[in-house]
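Residue strings, one per chain:
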Amino acid sequence: MSRRVRWTAIALVVPVLPLGAGAESRPLEARFDLYAFSQEDNGGQALRNEGMSYWGARPAGSFQLGESLTLHASGAVAVILNEDAAELPASTGATITSASSRVIAMDISVGLELRRPGSPWTFRPGVYYHHQIGWVAEGIDLGLDRELAGGDAVLSLTLNQRVAFPKLRTWDDRDLGRDITATHSAALGWKQNVSRSVVTQLTLQFTRADGYLGDSYNYIVFYRQGTPSSVGDERLPSSRNRLQLSVRVRWSPWLGTALGWDGSTYLDDWGIHHFAMEPSTALPLPGRARGRFWYRLSDQRGSKYFQSAPRFFEPFQTQDSDLGTFITHGGGLTLAFPWGDEGRWEWRLTAFGLTRSDGIRAGGADGEVVRTW
Amino acid sequence: MVLSISFRRIARCGLAFVALTLTVTLDACSTTRFHERQRLAHECMELDPDESVSYLRTKMEAAREGAFGRFGPVAAGGCGCQ
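The shown structure was predicted, so the numbers you read here are calculated from the model rather than taken from an experiment.

This next bit is on the overall build of chain B. Across its full length, chain B holds 3 helices and 0 strands. Looking at chain B residue by residue over its 82 residues, the buried ones come to 48%. As displayed, chain B has an accessible area near 4300 Å², and 61% of this comes from carbon and sulfur atoms.

Right under this line is the structure:
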């Protein structure tokens with residue numbers, strides 16, 4: 001499987017590269033980010049410590065390789081610091097182990113954008129690689145855009161494949177070896193200029209995942225007469241079908257200012273129904289600065305396999321709080337400060353956070369420097 | 001099983017609806033002239049104005065819900081693998 005992904009990626013990307021040969025290449029944009037994220041556990045799964053923090057750096061850039069070809073590349077390295085495993089009540093007779101307290105994760109993605117001058121078609125092939133202890137994934141991304149109606153409409157088809165090789169370990173430290181998780185996504189998008197100040201996008205996405213779909217170290221705590229009595233393995237189906245419809249709208253009442261509204265409705269065959277909406281605004285600030293502010297509200301009805309206090313083992317069962325029922329409030333802002341000649345350098349500062357009704361809280365920040373040519 | 005069948009029906013109906021809508025409406029979707037797109041072309045109108053923020057938010061928010069964590073297409077590979 002892994003070899004097939006690699007050869008498919010090479011077969012897709014290599015034939016396109018000669019289109020950039022011989023033409024003058026030049027950088028378009030380069031950026032560097034430092035970010036941090038922290039999760040506080042005041043709930044979630046009651047007998048699991050879900051607190052963690054995440055620190056990372058990410059360089060990215062775009063380069064014009066020829067008049068028809070642009071290269072986009074990014075890499076990210078992050079350190080994930082997990083809090084210690086929870087101590088279970090003595091009534092369970094169980095001792096829990098957990099993922100390493102410090103995990104290093106890495107993402108690399110390289111993509112091409114091919115568009116002949118004057119053509120309404122854009123082709124976007126790309127490859128992806130993710131590496132961390134116990135989880136390696138490879139992937140292929142394909143995108144095809146077609147401009148219509150003189151550029152007022154763009155139809156897009158996006159296909160993504162991810163093949164992951166998780167190394168499985170259980171809550172009581174049993175090594176189950178490696179497994180494979182394959183995920184295929186197809187998204188159909190329609191972006192439309194509605195008027196000279198309104199643009200909308202409609203996206204329908206279907207994703208199918210097969211293989212091991214749980215998480216290492218996840219466990220189930222069983223209860224008898226309200227008291228934790230024993231611990232067992234999480235078990236989830238080996239396939240999952242997921243569907244999401246999203247709508248995005250931007251309205252610019254005057255030049256440089258925009259009001260936005262994004263919404264999505266999601267369902268899958270594990271029984272999760274999820275609704276999310278995100279109003280936002282982007283506006284100029286004093287000097288040459290700009291700001292963008294958003295608020296996100298989501299409402300999730302949890303999976304039919306989620307059991308907060310089970311008494312008996314079912315064929316499929318989880319206590320992963322991310323698959324449970326909750327409402328999330330979130331928000332954030334990005335401030336951009338151009339500097340230098342013609343504003344080709346820019347500092348961007350972003351902060352965001354969320355709070356879930358089941359007690360999970362998290363917040364993050366990103367500092368970014370961007371250079372455009 | 002019942003939910004699974006219902007899900008497939010909804011998926012099929014959704015796809016058929018989108019295909020029909022696109023077929024019927026796209027011919028009539030020319031709404032602006034080139035010189036009228038100044039506001040539309042401004043960066044404040046971008047759906048994902050900052051690639052790095054989108055990357056970070058997708059990783060953090062998608063891992064804290066059962067859905068995809070964003071509104072456009074997403075690779076959804078699991079375990080922070082987007």
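Take the overall build of chain A next. In terms of helices and strands, chain A carries 1 helix and 19 strands. For a compact globule of 373 residues, the expected C-alpha radius of gyration is about 21 Å, and chain A comes in at 23 Å, within 12% of that figure. Seen through its C-alpha atoms, chain A measures out along the principal axes to roughly 70 × 50 × 35 Å. The buried share among the 373 residues of chain A stands at 47%. Looking at chain A alone, contacts between residues at least 24 apart form 57% of all its contacts between residues at least 6 apart. By element, 60% of the accessible surface of chain A is carried by carbon and sulfur atoms, the whole surface being about 17400 Å². Here chain A holds 38 positive side-chain charges and 39 negative ones, and the gap between their average locations is 4 Å.

With that settled, consider the pattern of salt bridges. Under the counting rule described, the total for this entry stands at 31 salt bridges over all chains. Arg-174 of chain A is the partner of Asp-233 of chain A in a salt bridge, and the nearest nitrogen-oxygen pair spans 2.9 Å. Note that Asp-233 of chain A is positioned in strand 12 (residues 227-233) and Arg-174 of chain A in the loop between strand 7 (153-169) and strand 8 (175-178), a separation of 59 residues in sequence. Looking at Asp-233 of chain A, the relative accessible area reads 23%, which means it is partly exposed. Residues Arg-296 of chain A and Glu-65 of chain B are paired through a salt bridge, measuring 3.1 Å at the closest nitrogen-oxygen approach. With Arg-296 of chain A in strand 16 (residues 290-301) and Glu-65 of chain B in the segment after helix 3 (51-62), this residue pair bridges two chains. Pair check on accessibility: Arg-296 of chain A and Glu-65 of chain B agree, each one buried.

Residue placement: Asp-50 of chain B occurs in the loop between helix 2 (38-41) and helix 3. Only 3.2 Å separates the side chain of Asp-50 of chain B from the side chain of Arg-31 of chain A, close enough to count as a polar contact.

Looking now at the interface of chain A and chain B. With 96 residues of chain A at the contact, the number on the chain B side is 58 residues. When chain A packs against chain B, the two sides together hide about 6600 Å² of surface, and 61% of this comes from carbon and sulfur. Counting the contacts that link chain A with chain B gives 12 salt bridges. Across the pair Arg-248 of chain A and Asp-48 of chain B runs a salt bridge, and its minimum N-O distance is 3.1 Å. Summed over the shared surface of chain A and chain B, the result is 36 residue pairs in polar contact (both at pLDDT 80 or more). Among the elements that make up the side of chain A that touches chain B, the one with the highest residue count is strand 13 (residues 239-254) of chain A (12 residues). Class assignment of the residues belonging to the side of chain A that touches chain B gives a composition of 39 nonpolar, 32 polar and 25 charged.

Turning next to a nonpolar patch on the surface. Residue and element names in this part refer to chain A. A cluster of nonpolar side chains, namely Trp-121, Leu-144, Leu-157, Leu-159 and Leu-188, defines an oily patch on the protein surface of about 400 Å² accessible area. Assignment of secondary structure puts Leu-144 in strand 6 (residues 135-148). The class of Leu-144 is partly exposed, set by a relative accessible area of 35%.

Within this structure, the stated rule accounts for 3 cavities of 30 Å³ or more. Roughly 470 Å³ of volume is contained in the largest cavity. Around the largest cavity, the lining is made up of 32 residues, and of these Arg-292 of chain A together with Asp-48, Pro-49, Asp-50 and Val-53 of chain B lie nearest the centre. Here the lining of the largest cavity is built from residues that sort into 10 nonpolar, 7 polar and 15 charged. Around the second largest cavity, the lining residues are Arg-296, Ser-298, Thr-328, Gly-330, Gly-353, Leu-354 and Arg-356 of chain A together with Glu-61, Arg-64 and Glu-65 of chain B. Mapped by element, the contributors of at least two residues to the lining of the second largest cavity are strand 16, strand 17 (326-339) and strand 18 (345-356) of chain A. With 3 residues, the single largest contributor to the lining of the second largest cavity is strand 18 of chain A. Split into classes, the residues belonging to the lining of the second largest cavity amount to 1 nonpolar, 4 polar and 5 charged.

Residues and elements named next belong to chain A. Tallied over the entire structure, the rule returns 8 aromatic pairs over all chains. For the pair Phe-222 and Phe-313, a centre-to-centre distance of 5.3 Å together with 50 degrees between the ring planes defines the contact as tilted. Here Phe-222 is found in strand 11 (residues 219-224), whereas its partner Phe-313 is found in the loop between strand 16 and strand 17, with 91 residues between them in sequence. Centroid distance Trp-339 to Trp-345: 5.4 Å. Interplanar angle 25 degrees. Geometry classified as stacked.

The next point concerns the side chain of Thr-122 of chain A. Positionally, Thr-122 of chain A belongs in strand 5 (residues 121-132). Those residues in contact with Thr-122 of chain A, other than ones at most four positions away along the chain, are Glu-113, Leu-114, Arg-115, Gly-143, Leu-144 and Asp-145 of chain A.

Below, the discussion takes up the pairing of strand 16 of chain A. A regular strand carries its side chains on alternate faces of the sheet. All names here are of chain A. As paired elements, strand 15 (residues 273-284) and strand 16 share 10 bridges and run antiparallel to each other. The residue of strand 16 that forms the bridge with Ser-280 is Trp-294. The antiparallel hairpin formed by strand 15 and strand 16 contains 5 residues in its connecting segment, where Gly-287 sits at a positive phi of about 75 degrees. Across 11 bridges, strand 16 lies against strand 17 in antiparallel orientation. Residue pairing across strands places Trp-294 opposite Gly-332, the latter belonging to strand 17.

Calculation criteria
Residues numbered from 1 in each chain as written. Chains lettered and ligands numbered in written order. Predicted model: local features only at pLDDT ≥ 70, side-chain atom pairs only at ≥ 80, totals over all residues. Heavy atoms only, no water. Helix = DSSP H or I, 4+ residues; strand = E, 2+ residues; numbered from the N terminus. Buried < 20%, exposed > 50% of the residue type's maximum accessible area, 1.4 Å probe, protein only. Areas by Shrake-Rupley, 256 points an atom, 1.4 Å probe, with all protein chains shown as cover. Rg over C-alpha atoms; globule rule 2.2 N^0.38 Å. Contact = heavy atoms within 4.5 Å. Lys, Arg positive; Asp, Glu negative; His and termini not counted. Charge placed at Lys NZ, Arg CZ, Asp CG, Glu CD. Salt bridge = Lys/Arg side-chain N within 4 Å of Asp/Glu carboxyl O. Polar contact = N/O pair within 3.5 Å; in protein donor to acceptor, adjacent residues only side chain to side chain. Buried area = accessible area lost by both parts, 1.4 Å probe. Nonpolar A, V, L, I, M, F, W, Y, C, P; charged D, E, K, R; others polar. Patch = residues over 30% accessible without salt bridge, like charges linked within 9 Å, V, L, I, M, F, W, Y side chains within 5 Å. 1 Å grid on protein atoms, 1.4 Å probe; cavity = no way out; pocket = protein on both sides within 12 Å on 5 of 7 lines; lining within 4 Å. Points joined across faces, edges and corners; volume = space filled by probe spheres on them. Phe/Tyr/Trp six-rings, centres within 6.5 Å; stacked < 30°, edge-to-face > 60°. Pairing = 2+ DSSP bridges.

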